[in-house]
Amino acid sequence: MVNVAARVGLVLDISGSMQLLYKNGTVQEVVERILAVACQFDDNATLDVWIYDNEFSRLKAATERDFDQYVVKNIINNRDIHKFGRNNEPPVMKDVIRKYTEEEESNLPAFVIFINDGGVVKAIKKVIVESSLKPLFWQFVGIGESDFEVLKQLDTMEGRIVDNANFIHIKDIASISDEELYHQLLNEFPLWLKVATDQRVIRK
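Cut-offs applied
In this convention, every chain numbers its residues from 1, walking through the sequence in written order. Local features are withheld for residues below a pLDDT of 70 in this predicted model, meaning they are given only at 70 or higher, and side-chain atom pairs are given and counted only at 80 or more; totals for whole chains, interfaces and linings count all residues. Hydrogens and water molecules were not included; the side-chain quantities draw on all heavy atoms of the structure. For the purposes of this entry, the term helix denotes a DSSP run of H or I that reaches at least four residues, the term strand denotes a run of E that reaches at least two, and both are numbered from the N terminus. Here the globule rule reads 2.2 Å times residues to the power 0.38, and the radius of gyration is calculated from C-alpha atoms. Exposure classes here rest on a 1.4 Å probe applied to the protein chains alone. A residue is buried below 20% of its type maximum, exposed above 50%, and partly exposed in between. We call two residues contacting when some pair of their heavy atoms lies within 4.5 Å. The Shrake-Rupley method, run with a 1.4 Å probe, gives the accessible areas here. Residue values count only the displayed protein chains as cover. Under the counting rule used here, the positive set is Lys and Arg, the negative set is Asp and Glu, and His together with the chain ends is not counted. To locate a charge, take atom NZ for lysine, CZ for arginine, CG for aspartate or CD for glutamate. The term nonpolar core refers to a set of buried residues drawn from Ala, Val, Leu, Ile, Met, Phe, Trp, Tyr and Cys, joined through side-chain atoms within 4.5 Å. Points on a 1 Å grid over protein atoms alone make up a cavity when a 1.4 Å probe fits among them but cannot get out, and a pocket when they form an open set with protein on both sides within 12 Å along at least five of seven lines; lining residues each have an atom within 4 Å of a point. Grid points are joined across faces, edges and corners, and a volume is the space filled by probe spheres set on the points. The predictor attaches a confidence to each residue, and that confidence, scored 0 to 100, is pLDDT.

Caption draft 1: View of the overall build of the chain. Each helix and strand counted, the chain has seven helices and six strands in total. Element order for the chain, N to C, with α for helix and β for strand: β-α-α-β-β-α-α-β-α-β-β-α-α. Relative to the compact-globule value of 17 Å for 204 residues, the chain shows a C-alpha radius of gyration of 16 Å, a close match. Across its three principal directions, the C-alpha atoms of the chain cover 45 × 35 × 35 Å. Out of the 204 residues in the chain, the part that is buried amounts to 53%. Summarising the internal contacts of the chain: among those between residues at least 6 apart in sequence, 78% fall at separations of at least 24. Here the chain has roughly 9,800 Å² of accessible surface; of this, 45% comes from carbon and sulfur atoms. Treating the 24 positive side-chain charges of the chain as one cloud and the 32 negative ones as another, the clouds have centres 5 Å apart.

Structure below.
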């Protein structure tokens, strides 16, 4: 496990193609297993949560005390949030950046896990490039069967002072061990921490 303190955020796709993954419990399992990552190195063992389709919402943070049935209580049964529309990533990404770099400035970097089942808009590239100067790392996780064409190009994206994004594809999160899941999630984060610190993107 990475020996570092960081703030941990989770962004969940709730576009129309995700309906089955919410209803069959897959998204709840994602929340629970990523909360376990957050508890390892988040500064207060809290997982900040966003959801998005063509709109977005910040949700109540998830903690070890209240993660049970988190998705049903805070998403599926929440009438105040937009669900199962089309996907549009840049607005929610800009809100994540705003929270961690303007509203809640900190010496701690942010590690943002972004769950998607395919079909991101190409405009995410501009947001990722612009945020490469911020102390924030995007870990995209593809779930399901899509080809994830745009997300597969993240590592070769030019115009950034540091490589601030990574993509992994997990077809079935239930079939992967905790050890392998955490290894994949945290594979590039330590390297980014070192380079971002050397480039003064992270300021001590």
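Caption draft 2: Geometry of the nonpolar core. In terms of nonpolar packing, the biggest core is built from 46 residues, with Leu12, Tyr22, Leu47, Ile75, Ile115, Leu185 and Phe189 touching the most fellow members. It is helix α2 (residues 26-41) that provides the largest number of residues to this core, a total of eight residues. Leu47 has contacts with Val8, Gly9, Leu10, Val31, Ile34, Leu35, Ala38, Ala61 and Ala62, leaving out every residue within four places of it along the chain. Core analysis: the second largest hydrophobic core is formed by 25 residues, Val92, Leu136, Phe140 and Phe167 among them.

Caption draft 3: Highlighting empty space enclosed by the protein. According to the stated counting rule, one finds one cavity of 30 Å³ or more in the structure shown. What lines the largest cavity is Val30, Ile34, Ile115, Val141, Ile143, Ile170, Ile173, Leu181 and Leu185. Sorting the residues of the lining of the largest cavity by element identifies α2, β5 (136-143) and α6 (178-185) as the ones contributing at least two each.

Caption draft 4: Molecular detail of the confidence of the model for the chain. On average, residues of the chain carry a pLDDT of 90, and 98% of them reach 70 or more. When pLDDT is averaged over each element of the chain, helix α4 (residues 89-103) comes out on top at 97 and α2 at the bottom at 85.

Caption draft 5: Summary view of the environment of Asn54. Position of Asn54 relative to the elements: it lies in the loop between β2 (42-52) and β3 (56-63). Separated by 21 residues in the primary sequence, Asn54 and Ile75 place their C-alpha atoms 15 Å from one another.

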